[in-house]
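Descriptive analysis of the structure
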Amino acid sequence: MANKHKETTVIVGGGHAAGALMTTLMQKNYQHEVILVGEEPHPPYQRPPLSKNYLAGEIDQESLYLKPLSVYENAGHHLRLGVRAEQIDRDKKTIRLSDQSALKYDRLVLATGSHVRTLNAPGADLKGIYYLHDIADSDALREQLLAGKRLVIVGGGYIGLEVAASATKKGVNVTVLEAAGRLMQRVTGPEMSEFFYAKHSNAGVDLRLNTAVTGFEAGDQGRVAGVTLADGGTVPADIVLVSVGVVPETSLAEAAGLPCDDGIIVDEFTRTEDPAILAIGDCTRHRNLFFEKMQRLESVSNAVDQARTAAATLMGEEKPYNSAPWFWSNQYDVRLQMVGLSQSHDQRVVRGSPGEDKGFAVFYLRESHLIAVDAINLPIAFMVGKTLVQQRRKINPEILRDPDIDLKSLVIGPQTSS
(Lines give C-alpha, C1' and ligand atoms only; values in the text may rest on other atoms or scores of the structure.)
Protein backbone atom coordinates (compact mmCIF):
# COMPACT_ATOMS: atom_id res chain seq x y z
CA MET A 1 0.00 0.00 0.00
CA ALA A 2 1.38 3.43 -0.95
CA ASN A 3 2.39 5.81 1.83
CA LYS A 4 0.00 8.65 2.51
CA HIS A 5 1.32 11.93 1.08
CA LYS A 6 3.35 13.79 3.71
CA GLU A 7 2.33 17.43 3.62
CA THR A 8 4.61 20.38 4.25
CA THR A 9 3.67 23.07 6.77
CA VAL A 10 5.76 26.23 6.52
CA ILE A 11 5.93 28.72 9.41
CA VAL A 12 7.20 32.22 8.64
CA GLY A 13 8.63 33.98 11.69
CA GLY A 14 11.02 33.40 14.56
CA GLY A 15 9.29 34.84 17.61
CA HIS A 16 7.24 33.46 20.47
CA ALA A 17 4.24 32.54 18.32
CA ALA A 18 6.31 30.56 15.82
CA GLY A 19 8.26 28.78 18.56
CA ALA A 20 5.14 27.95 20.56
CA LEU A 21 3.50 26.51 17.44
CA MET A 22 6.48 24.28 16.66
CA THR A 23 6.62 23.09 20.27
CA THR A 24 2.89 22.33 20.36
CA LEU A 25 3.06 20.42 17.07
CA MET A 26 5.92 18.34 18.50
CA GLN A 27 3.88 17.61 21.62
CA LYS A 28 0.92 16.58 19.48
CA ASN A 29 3.14 14.31 17.37
CA TYR A 30 2.25 16.17 14.19
CA GLN A 31 3.05 13.80 11.33
CA HIS A 32 3.75 16.31 8.55
CA GLU A 33 6.98 18.06 7.65
CA VAL A 34 7.46 21.45 9.36
CA ILE A 35 9.82 24.11 8.00
CA LEU A 36 10.37 27.40 9.83
CA VAL A 37 11.69 30.41 7.93
CA GLY A 38 13.31 33.02 10.19
CA GLU A 39 14.94 36.27 9.12
CA GLU A 40 17.24 36.34 12.15
CA PRO A 41 20.09 33.84 12.67
CA HIS A 42 18.51 32.60 15.91
CA PRO A 43 15.97 29.85 16.58
CA PRO A 44 12.62 31.11 17.98
CA TYR A 45 13.18 33.18 21.10
CA GLN A 46 11.36 35.24 23.69
CA ARG A 47 11.51 39.02 23.36
CA PRO A 48 10.38 40.37 26.78
CA PRO A 49 13.86 39.90 28.40
CA LEU A 50 15.42 42.11 25.69
CA SER A 51 14.41 45.22 27.67
CA LYS A 52 14.91 43.63 31.08
CA ASN A 53 17.37 40.99 32.34
CA TYR A 54 19.01 40.29 28.96
CA LEU A 55 19.68 44.00 28.43
CA ALA A 56 21.03 44.15 31.98
CA GLY A 57 23.44 41.30 31.17
CA GLU A 58 21.91 39.01 33.80
CA ILE A 59 21.14 36.16 31.37
CA ASP A 60 22.90 34.92 28.23
CA GLN A 61 21.62 34.66 24.68
CA GLU A 62 20.89 30.95 24.72
CA SER A 63 18.54 31.34 27.67
CA LEU A 64 16.31 33.46 25.39
CA TYR A 65 15.75 30.50 23.06
CA LEU A 66 12.41 28.76 23.57
CA LYS A 67 14.11 25.44 22.76
CA PRO A 68 17.68 24.54 21.80
CA LEU A 69 18.18 24.15 18.05
CA SER A 70 18.76 20.42 18.49
CA VAL A 71 15.24 19.84 19.84
CA TYR A 72 13.66 20.96 16.55
CA GLU A 73 16.15 18.98 14.48
CA ASN A 74 15.64 15.81 16.53
CA ALA A 75 11.90 16.13 15.95
CA GLY A 76 12.52 16.24 12.19
CA HIS A 77 11.64 19.93 11.88
CA HIS A 78 13.75 22.16 9.64
CA LEU A 79 14.81 25.71 10.44
CA ARG A 80 15.81 27.99 7.56
CA LEU A 81 17.41 30.82 9.53
CA GLY A 82 18.90 34.06 8.25
CA VAL A 83 16.58 34.19 5.24
CA ARG A 84 13.52 36.32 4.64
CA ALA A 85 10.24 35.25 3.08
CA GLU A 86 9.72 37.73 0.24
CA GLN A 87 6.69 36.61 -1.73
CA ILE A 88 3.79 34.19 -1.43
CA ASP A 89 2.28 32.65 -4.58
CA ARG A 90 -1.07 31.39 -3.32
CA ASP A 91 -1.99 29.72 -6.62
CA LYS A 92 1.20 27.65 -6.79
CA LYS A 93 1.47 27.40 -2.98
CA THR A 94 5.09 28.53 -2.97
CA ILE A 95 7.11 31.07 -1.01
CA ARG A 96 10.08 32.85 -2.56
CA LEU A 97 12.94 33.49 -0.13
CA SER A 98 15.65 36.16 -0.04
CA ASP A 99 18.33 33.62 -1.04
CA GLN A 100 16.37 33.14 -4.32
CA SER A 101 15.19 29.66 -3.33
CA ALA A 102 11.52 28.70 -3.12
CA LEU A 103 9.54 26.53 -0.73
CA LYS A 104 6.43 24.55 -1.54
CA TYR A 105 3.76 24.43 1.14
CA ASP A 106 0.50 22.65 1.76
CA ARG A 107 -0.27 24.74 4.83
CA LEU A 108 1.32 28.08 5.63
CA VAL A 109 1.37 29.87 9.01
CA LEU A 110 2.32 33.54 9.11
CA ALA A 111 3.89 34.49 12.46
CA THR A 112 5.61 37.59 11.12
CA GLY A 113 5.20 39.63 14.31
CA SER A 114 5.73 43.37 14.18
CA HIS A 115 8.35 46.01 13.50
CA VAL A 116 9.13 49.11 15.51
CA ARG A 117 7.40 52.37 14.74
CA THR A 118 10.12 54.79 13.67
CA LEU A 119 10.31 58.55 14.18
CA ASN A 120 10.46 60.51 10.97
CA ALA A 121 12.10 63.65 12.35
CA PRO A 122 15.18 65.75 11.53
CA GLY A 123 18.32 63.95 12.69
CA ALA A 124 16.58 60.59 13.13
CA ASP A 125 19.41 58.83 11.26
CA LEU A 126 22.19 60.04 13.57
CA LYS A 127 24.47 57.50 15.25
CA GLY A 128 23.53 56.71 18.82
CA ILE A 129 19.78 56.53 18.19
CA TYR A 130 18.46 53.06 18.92
CA TYR A 131 15.28 51.05 18.62
CA LEU A 132 14.69 47.85 20.59
CA HIS A 133 13.01 44.89 18.93
CA ASP A 134 15.46 42.01 18.51
CA ILE A 135 18.59 40.45 20.01
CA ALA A 136 20.93 42.56 17.85
CA ASP A 137 19.18 45.75 19.03
CA SER A 138 19.52 44.75 22.68
CA ASP A 139 23.20 43.81 22.21
CA ALA A 140 23.97 47.15 20.56
CA LEU A 141 22.14 49.18 23.21
CA ARG A 142 23.71 47.26 26.11
CA GLU A 143 27.23 48.18 24.94
CA GLN A 144 26.31 51.86 25.26
CA LEU A 145 24.71 51.76 28.71
CA LEU A 146 27.73 52.81 30.75
CA ALA A 147 27.62 54.57 34.11
CA GLY A 148 27.50 58.35 33.77
CA LYS A 149 26.18 58.38 30.21
CA ARG A 150 23.00 60.33 29.42
CA LEU A 151 20.21 58.20 27.94
CA VAL A 152 17.07 59.86 26.62
CA ILE A 153 14.10 57.56 26.05
CA VAL A 154 11.36 58.76 23.73
CA GLY A 155 8.18 57.02 24.91
CA GLY A 156 6.87 56.12 28.36
CA GLY A 157 5.32 52.73 27.62
CA TYR A 158 6.32 49.25 28.82
CA ILE A 159 9.56 48.98 26.85
CA GLY A 160 10.76 52.51 27.52
CA LEU A 161 10.19 52.21 31.26
CA GLU A 162 11.74 48.75 31.49
CA VAL A 163 14.87 50.06 29.75
CA ALA A 164 14.83 53.10 32.07
CA ALA A 165 14.88 50.76 35.08
CA SER A 166 17.63 48.54 33.62
CA ALA A 167 19.78 51.54 32.65
CA THR A 168 19.30 53.35 35.97
CA LYS A 169 20.55 50.27 37.83
CA LYS A 170 23.73 50.51 35.71
CA GLY A 171 24.32 54.11 36.79
CA VAL A 172 23.11 55.67 33.53
CA ASN A 173 21.42 59.09 33.76
CA VAL A 174 17.97 58.58 32.26
CA THR A 175 15.38 61.04 30.94
CA VAL A 176 12.01 59.78 29.68
CA LEU A 177 10.00 61.96 27.28
CA GLU A 178 6.32 61.04 26.99
CA ALA A 179 3.91 62.87 24.68
CA ALA A 180 0.80 61.83 26.64
CA GLY A 181 -0.33 63.16 30.01
CA ARG A 182 0.70 60.04 31.93
CA LEU A 183 2.94 56.98 31.68
CA MET A 184 1.62 53.81 30.00
CA GLN A 185 -1.59 55.70 29.25
CA ARG A 186 -2.59 53.34 26.43
CA VAL A 187 -2.64 50.23 28.60
CA THR A 188 -3.43 51.11 32.20
CA GLY A 189 -5.37 53.43 34.52
CA PRO A 190 -4.17 56.56 36.31
CA GLU A 191 -3.40 54.82 39.62
CA MET A 192 -0.80 52.60 37.94
CA SER A 193 0.59 55.51 35.94
CA GLU A 194 1.06 57.55 39.13
CA PHE A 195 2.66 54.60 40.93
CA PHE A 196 5.26 54.10 38.20
CA TYR A 197 5.87 57.83 37.90
CA ALA A 198 6.78 57.89 41.61
CA LYS A 199 8.86 54.71 41.34
CA HIS A 200 11.00 56.04 38.49
CA SER A 201 11.27 59.53 39.95
CA ASN A 202 12.49 58.13 43.26
CA ALA A 203 15.12 56.11 41.36
CA GLY A 204 16.44 59.32 39.80
CA VAL A 205 14.79 59.18 36.36
CA ASP A 206 13.84 62.58 34.90
CA LEU A 207 10.27 62.07 33.65
CA ARG A 208 8.66 64.66 31.38
CA LEU A 209 5.01 64.24 30.42
CA ASN A 210 3.10 66.14 27.71
CA THR A 211 6.44 66.49 25.95
CA ALA A 212 6.57 66.18 22.17
CA VAL A 213 9.84 65.47 20.33
CA THR A 214 10.55 67.36 17.10
CA GLY A 215 14.02 66.11 16.16
CA PHE A 216 17.59 65.32 17.15
CA GLU A 217 20.71 67.48 17.34
CA ALA A 218 24.03 66.32 15.93
CA GLY A 219 27.29 66.43 17.83
CA ASP A 220 30.74 65.16 16.86
CA GLN A 221 31.19 62.60 14.07
CA GLY A 222 27.51 62.37 13.23
CA ARG A 223 26.48 61.24 16.70
CA VAL A 224 23.36 62.40 18.46
CA ALA A 225 23.98 65.10 21.09
CA GLY A 226 20.47 66.15 22.02
CA VAL A 227 16.73 65.72 21.54
CA THR A 228 14.79 68.80 20.45
CA LEU A 229 11.33 69.45 21.89
CA ALA A 230 8.20 71.14 20.59
CA ASP A 231 8.51 73.84 23.29
CA GLY A 232 11.88 74.86 21.82
CA GLY A 233 14.01 73.19 24.46
CA THR A 234 16.72 70.56 24.02
CA VAL A 235 17.57 67.58 26.23
CA PRO A 236 21.29 66.64 26.06
CA ALA A 237 21.87 63.00 25.12
CA ASP A 238 24.73 60.57 24.59
CA ILE A 239 22.31 57.78 23.63
CA VAL A 240 18.67 57.84 22.55
CA LEU A 241 16.17 55.02 22.61
CA VAL A 242 13.03 55.59 20.54
CA SER A 243 10.23 53.43 21.92
CA VAL A 244 6.94 54.62 20.42
CA GLY A 245 5.20 51.33 19.72
CA VAL A 246 5.16 48.71 16.99
CA VAL A 247 3.40 48.14 13.68
CA PRO A 248 2.11 44.68 12.67
CA GLU A 249 4.23 43.07 9.93
CA THR A 250 1.60 42.54 7.26
CA SER A 251 3.45 43.39 4.03
CA LEU A 252 3.90 39.73 2.98
CA ALA A 253 0.22 38.99 3.56
CA GLU A 254 -0.97 42.20 1.90
CA ALA A 255 1.11 41.54 -1.23
CA ALA A 256 -0.48 38.08 -1.40
CA GLY A 257 -3.94 39.65 -1.35
CA LEU A 258 -4.93 38.53 2.15
CA PRO A 259 -7.29 40.92 3.99
CA CYS A 260 -5.45 43.11 6.50
CA ASP A 261 -6.58 45.95 8.77
CA ASP A 262 -3.91 46.90 11.32
CA GLY A 263 -3.08 43.19 11.32
CA ILE A 264 -3.76 40.11 9.20
CA ILE A 265 -7.45 39.29 9.61
CA VAL A 266 -8.05 35.83 11.10
CA ASP A 267 -11.06 34.06 12.61
CA GLU A 268 -11.28 32.38 16.02
CA PHE A 269 -9.48 29.33 14.54
CA THR A 270 -6.55 31.55 13.32
CA ARG A 271 -7.58 31.02 9.68
CA THR A 272 -7.14 33.74 7.08
CA GLU A 273 -9.44 34.10 4.09
CA ASP A 274 -7.25 31.50 2.33
CA PRO A 275 -8.03 28.04 3.79
CA ALA A 276 -4.38 26.99 3.35
CA ILE A 277 -2.99 29.98 5.31
CA LEU A 278 -3.17 30.65 9.06
CA ALA A 279 -1.72 33.61 10.97
CA ILE A 280 -0.82 33.99 14.65
CA GLY A 281 0.71 36.43 17.12
CA ASP A 282 1.35 40.18 17.05
CA CYS A 283 0.75 40.36 13.29
CA THR A 284 -2.95 39.38 13.54
CA ARG A 285 -6.20 41.16 14.11
CA HIS A 286 -8.23 38.27 15.36
CA ARG A 287 -11.64 37.13 16.35
CA ASN A 288 -11.58 35.92 19.93
CA LEU A 289 -14.82 34.69 21.49
CA PHE A 290 -13.79 36.60 24.62
CA PHE A 291 -14.19 39.97 22.88
CA GLU A 292 -17.12 41.61 21.15
CA LYS A 293 -14.95 43.01 18.35
CA MET A 294 -11.79 42.12 16.45
CA GLN A 295 -8.60 42.75 18.45
CA ARG A 296 -4.88 43.00 17.83
CA LEU A 297 -2.79 42.15 20.88
CA GLU A 298 0.93 42.51 21.51
CA SER A 299 1.58 39.92 24.19
CA VAL A 300 3.27 36.60 24.86
CA SER A 301 0.02 35.10 26.14
CA ASN A 302 -1.75 35.93 22.89
CA ALA A 303 1.12 34.47 20.84
CA VAL A 304 1.07 31.22 22.83
CA ASP A 305 -2.72 30.88 22.92
CA GLN A 306 -3.05 31.55 19.20
CA ALA A 307 -0.25 29.07 18.52
CA ARG A 308 -2.18 26.39 20.40
CA THR A 309 -5.33 27.20 18.44
CA ALA A 310 -3.39 27.07 15.16
CA ALA A 311 -1.88 23.70 16.13
CA ALA A 312 -5.37 22.35 16.78
CA THR A 313 -6.56 23.71 13.43
CA LEU A 314 -3.62 22.08 11.63
CA MET A 315 -4.44 18.79 13.39
CA GLY A 316 -8.06 18.97 12.21
CA GLU A 317 -9.42 19.82 15.67
CA GLU A 318 -11.90 22.65 16.22
CA LYS A 319 -10.72 24.60 19.27
CA PRO A 320 -11.65 28.28 19.02
CA TYR A 321 -9.48 30.94 20.63
CA ASN A 322 -11.32 32.14 23.73
CA SER A 323 -8.72 33.43 26.21
CA ALA A 324 -8.51 36.57 28.29
CA PRO A 325 -5.18 38.22 27.41
CA TRP A 326 -2.59 38.86 30.09
CA PHE A 327 0.59 40.89 30.25
CA TRP A 328 3.44 41.63 32.65
CA SER A 329 6.23 44.13 33.19
CA ASN A 330 9.23 44.05 35.54
CA GLN A 331 10.66 47.42 36.64
CA TYR A 332 13.11 47.63 39.55
CA ASP A 333 11.68 45.41 42.35
CA VAL A 334 8.17 45.74 40.95
CA ARG A 335 6.24 43.10 39.04
CA LEU A 336 3.16 44.40 37.27
CA GLN A 337 0.73 41.67 36.17
CA MET A 338 -2.32 42.52 34.08
CA VAL A 339 -5.24 40.52 32.75
CA GLY A 340 -8.02 41.66 30.44
CA LEU A 341 -8.34 44.99 28.62
CA SER A 342 -9.26 47.95 30.81
CA GLN A 343 -9.89 50.63 28.19
CA SER A 344 -13.71 50.43 28.22
CA HIS A 345 -14.18 50.37 32.03
CA ASP A 346 -16.73 52.56 33.79
CA GLN A 347 -15.52 51.92 37.35
CA ARG A 348 -12.16 51.34 39.07
CA VAL A 349 -11.71 49.72 42.46
CA VAL A 350 -8.36 49.90 44.28
CA ARG A 351 -7.45 47.15 46.74
CA GLY A 352 -4.58 47.96 49.07
CA SER A 353 -2.42 51.04 48.89
CA PRO A 354 0.32 51.93 46.40
CA GLY A 355 2.54 52.83 49.35
CA GLU A 356 2.27 49.45 51.05
CA ASP A 357 4.99 46.80 50.80
CA LYS A 358 2.44 44.02 50.39
CA GLY A 359 1.29 45.28 47.00
CA PHE A 360 -1.97 46.58 45.59
CA ALA A 361 -4.33 45.99 42.69
CA VAL A 362 -6.76 47.93 40.53
CA PHE A 363 -9.93 46.16 39.38
CA TYR A 364 -11.69 47.51 36.29
CA LEU A 365 -15.43 46.98 35.90
CA ARG A 366 -17.93 47.67 33.17
CA GLU A 367 -21.61 47.50 34.13
CA SER A 368 -20.50 45.69 37.32
CA HIS A 369 -18.69 42.96 35.35
CA LEU A 370 -14.97 42.54 35.98
CA ILE A 371 -13.13 43.17 32.68
CA ALA A 372 -9.51 43.67 33.81
CA VAL A 373 -7.11 43.61 36.76
CA ASP A 374 -3.72 45.30 37.19
CA ALA A 375 -1.71 43.98 40.15
CA ILE A 376 1.55 45.24 41.66
CA ASN A 377 3.48 42.59 43.62
CA LEU A 378 0.14 40.95 44.41
CA PRO A 379 0.04 37.69 42.45
CA ILE A 380 -3.13 36.46 44.19
CA ALA A 381 -5.10 39.42 42.77
CA PHE A 382 -3.78 38.58 39.30
CA MET A 383 -4.53 34.84 39.59
CA VAL A 384 -8.05 35.35 40.96
CA GLY A 385 -8.60 38.15 38.49
CA LYS A 386 -7.65 35.85 35.61
CA THR A 387 -10.45 33.46 36.55
CA LEU A 388 -13.04 36.16 37.22
CA VAL A 389 -12.26 38.10 34.03
CA GLN A 390 -12.40 34.90 31.97
CA GLN A 391 -15.79 34.11 33.53
CA ARG A 392 -17.02 37.69 32.91
CA ARG A 393 -18.23 37.67 36.51
CA LYS A 394 -20.48 40.34 37.96
CA ILE A 395 -18.99 41.40 41.30
CA ASN A 396 -19.88 43.76 44.10
CA PRO A 397 -17.05 46.36 44.09
CA GLU A 398 -17.04 46.58 47.90
CA ILE A 399 -16.00 42.92 48.07
CA LEU A 400 -12.99 43.65 45.85
CA ARG A 401 -12.04 46.68 47.97
CA ASP A 402 -12.36 45.01 51.39
CA PRO A 403 -8.93 43.73 52.55
CA ASP A 404 -10.59 41.44 55.12
CA ILE A 405 -12.25 39.37 52.38
CA ASP A 406 -9.95 36.67 51.01
CA LEU A 407 -9.78 37.05 47.23
CA LYS A 408 -9.51 33.29 46.84
CA SER A 409 -13.05 32.95 48.23
CA LEU A 410 -14.34 34.72 45.11
CA VAL A 411 -13.19 31.79 43.00
CA ILE A 412 -13.95 28.85 45.27
CA GLY A 413 -16.84 30.31 47.25
CA PRO A 414 -20.45 31.17 46.30
CA GLN A 415 -21.36 33.57 43.50
CA THR A 416 -20.68 37.15 44.52
CA SER A 417 -23.03 38.98 42.21
CA SER A 418 -24.56 42.15 43.54
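Described in the following lines is the structure provided in the data block.

Rules used throughout
- Residues numbered from 1 in each chain as written.
- Predicted model: local features only at pLDDT ≥ 70, side-chain atom pairs only at ≥ 80, totals over all residues.
- Heavy atoms only, no water.
- Helix = DSSP H or I, 4+ residues; strand = E, 2+ residues; numbered from the N terminus.
- Buried < 20%, exposed > 50% of the residue type's maximum accessible area, 1.4 Å probe, protein only.
- Contact = heavy atoms within 4.5 Å.
- Areas by Shrake-Rupley, 256 points an atom, 1.4 Å probe, with all protein chains shown as cover.
- Pairing = 2+ DSSP bridges.
- Axes fitted to C-alpha atoms, helices over the stretch in contact; angles between N-to-C directions.
- Expected span 1.5 Å × (residues − 1).
- Core = buried A, V, L, I, M, F, W, Y, C linked by side-chain atoms within 4.5 Å.
- Phe/Tyr/Trp six-rings, centres within 6.5 Å; stacked < 30°, edge-to-face > 60°.
- Lys NZ or Arg CZ within 6 Å of the ring centre and 35° of its normal.

Before going further, it helps to spend a moment on the overall build of the chain. Looking only at helices and strands, the chain features 10 helices and 25 strands. Along the first, second and third principal axes, the C-alpha set of the chain runs to 75 × 70 × 35 Å. Within the chain, buried positions represent 51% of all 418 residues. Considering only contacts in the chain between residues 6 or more positions apart, those separated by 24 or more positions represent 61%. If you sum the accessible surface of the chain, you get close to 18700 Å²; carbon and sulfur atoms cover 47% of it.

With that out of the way, let us pick up the sheet that holds strand S14 (residues 224-229). Taken in spatial order, the 3 strands of this open sheet run S13-S14-S15, and their pairing is antiparallel. Among the strands making up the open sheet, the edge pair consists of strand S13 (213-218) and strand S15 (234-236). When the angles between neighbouring strand axes are averaged without regard to direction, this sheet yields 25°. Inspection of the sheet shows S14 paired to S15 by 3 bridges, in the antiparallel sense. Bridge pairing in S15 links Thr228 to Thr234.

Right, let's get into helix H1 (residues 16-27). Compared with the 16 Å implied by 1.5 Å per residue over 12 residues, the 16 Å span of H1 between its first and last C-alpha is a close match. With respect to burial, H1 is a largely interior element, 10 of its 12 residues being buried. Along H1, the positions that sit buried rather than exposed are His16, Ala17, Ala18, Gly19, Ala20, Leu21, Met22, Thr23, Thr24 and Leu25. Where the residues of H1 are buried, they touch strand S1 (8-12), strand S2 (33-38), helix H2 (69-74), strand S3 (78-81), strand S7 (107-110) and helix H7 (300-314). Once H1 finishes, Asn29 follows within two positions and takes phi at roughly 55°, a positive value.

Core analysis: the largest hydrophobic core is formed by 68 residues, its most contacted members being Leu151, Val174, Phe196 and Phe363. Setting aside residues up to four positions removed in sequence, Leu151 forms contacts with Leu145, Val163, Ala167, Val172, Asn173, Val174, Thr175, Ile239, Val240 and Leu241.

Counted by the stated rule, this structure contains 4 aromatic pairs. When the centroid spacing of 6.1 Å and the interplanar angle of 65° are considered together, the rings of Trp326 and Phe382 count as edge-to-face. One end of the pair, Trp326, is in strand S21 (residues 326-331); the other, Phe382, is in helix H8 (residues 379-390), with 56 residues separating them in the sequence. What links up through ring pairs into an aromatic cluster is the set Phe195, Phe196 and Phe360. In this arrangement the basic side chain of Arg142 is found over the ring face of Tyr54, its NZ or CZ atom lying 4.5 Å from the centre.

Successive residues of a regular strand alternate their side chains across the two faces of the sheet. Buried residues dominate S14, accounting for 5 of its 6 residues. Between S13 and S14, which pair antiparallel one after the other, the connecting turn spans 5 residues, and Gln221 there sits at a positive phi close to 55°. Between S14 and S15, which pair antiparallel one after the other, the connecting turn spans 4 residues, and Gly232 there sits at a positive phi close to 95°.

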